[in-house]
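# What the coordinates show
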Amino acid sequence: QVQLVESGGGLVQAGGSLRLSCAASGRTVNIYTMGWFRQAPGKEREFVAAKYNSGSTYYADSVKGRFTISRDNAKNTVFLQMNSLKPEDTAVYYCAAGRPTDTYYSSSYGYWGQGTQVTVSS
């Protein structure tokens, strides 16, 4: 079992930056793929970024060049650095862990955090 706890969300103006953290406990996360998803009001949960323990990294087109996912396996922590934030980035951001058969589908991940709110004002 893995427990995930996100932090770092908040209110920021457009163009600003935030760094989300996801602290894992239980089994070490270096055996899992770690991902970030987000869900805006009235919308489905969508893929943001993922990083495999091999180092392979994937991003949604909407965040490429602005967001960076990283992981510190020694600290069992995953980060999402978000730069040049836009109002459309406003959502609850969720950390996920698992061995996904499809990187981009939330149902492929077995473990989830409770989410952290990110609000970007215009």
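Residues numbered from 1 in each chain as written. Predicted model: local features only at pLDDT ≥ 70, side-chain atom pairs only at ≥ 80, totals over all residues. Heavy atoms only, no water.

## Section: the overall build of the protein chain
Quick reminder of the rule: Numbering goes from the N terminus for both helices and strands, where a helix is a DSSP run of H or I of at least four residues and a strand is a run of E of at least two. Both definitions apply: the radius of gyration is a C-alpha atom measure, and the globule rule equals 2.2 Å times residues to the power 0.38. For every residue, the accessible area obtained with a 1.4 Å probe (protein chains only) is divided by the maximum for its type, and the residue is called buried under 20%, exposed over 50%, and partly exposed between those limits.
Per the secondary structure count, the protein chain includes zero helices and 11 strands. Of the regular secondary structure in the protein chain, the N- to C-terminal order runs β-β-β-β-β-β-β-β-β-β-β. Since a compact globule built from 122 residues should have a radius of gyration of about 14 Å, the 13 Å found for the protein chain is in line with a globular shape. Structurally, the protein chain occupies a C-alpha span of about 40 × 25 × 25 Å along its principal axes. For the protein chain, with 122 residues in total, the buried portion stands at 46%.

## Some points on the nonpolar core
So the rule is basically this: Throughout, nonpolar core names a set of buried Ala, Val, Leu, Ile, Met, Phe, Trp, Tyr and Cys residues whose side chains join them through atoms within 4.5 Å.
Residues Trp 36, Leu 80, Met 82 and Tyr 93 are the most contacted members of the largest nonpolar core, which totals 33 residues. In terms of residues, this core owes the most to one element, strand β9 (residues 91-98), which gives five residues.

## Let's talk about the packing of aromatic side chains
Spelled out, the test is: Pairing of aromatic rings covers Phe, Tyr and Trp, the last through its six-membered ring, and needs centres within 6.5 Å; plane angles under 30 degrees mean stacked, over 60 mean edge-to-face, and all others mean tilted. In this scheme, the term charge over a ring applies when either NZ of a lysine or CZ of an arginine sits within 6 Å of the ring centre and within 35 degrees of the ring normal.
Inspection of every chain in the model, using the stated rule, returns nine aromatic pairs. Here the aromatic rings of Phe 37 and Phe 47 are separated by 5.6 Å at their centres, their planes lie at 80 degrees, and the arrangement is edge-to-face. Of this pair, Phe 37 sits in strand β4 (residues 33-39) while Phe 47 sits in strand β5 (residues 46-51), and the two are 10 residues apart along the sequence. Taking relative accessible area as the criterion, Phe 47 reaches 9% and is therefore assigned buried. Consider the rings of Tyr 109 and Trp 112, whose centres lie 6.3 Å apart with planes at 65 degrees: the pair is edge-to-face. Look at Tyr 109 and you get buried, because its relative accessible area is 4%. A relative accessible area of 27% means that Trp 112 is categorised as partly exposed. The ring of Phe 79 has Arg 19 sitting right over it, with the charged end atom 3.9 Å from the ring centre.

## So, the pairing of strand β3 (residues 18-26)
To be explicit about the condition: Here, a strand pair is defined by DSSP locating no fewer than two bridges between the strands.
Pairing of strand β1 (residues 2-7) with β3, which is carried by six bridges, proceeds in the antiparallel orientation. Paired with Glu 6 across the bridge in β3 is Cys 22. Alignment of β3 against strand β8 (residues 77-82), held across six bridges, turns out to be antiparallel. Along β8, the bridge assignment pairs Arg 19 with Gln 81.

## A few points about the sheet that holds β8
Defined as follows: Inter-axis angles, ranging from 0 to 180 degrees, are taken between N-to-C directions of lines fitted to C-alpha atoms, where helices are fitted over the stretch in contact.
Within the open sheet, the four strands sit side by side as β1-β3-β8-β7. Their pairing is antiparallel. For this open sheet the edge positions go to β1 and β7 (67-72), each flanked by a neighbour on one side alone. Each neighbouring strand pair of the sheet contributes to a mean axis angle of 15 degrees, computed without reference to strand direction.

## Structural notes on the state of the cysteines
Our working definition: Count a disulfide wherever a pair of cysteine sulfur atoms falls within 2.5 Å.
If you walk through the whole model with that rule in mind, you get one disulfide. One disulfide in the model links Cys 22 with Cys 95; its S-S distance is 2.1 Å. Since a negative S-S torsion denotes a left-handed disulfide, the Cys 22-Cys 95 link at about -80 degrees is left-handed. Of this pair, Cys 22 sits in strand β3 while Cys 95 is found in strand β9, placing the two residues 73 residues apart along the sequence. By relative accessible area, which is 1% here, Cys 22 ends up buried.

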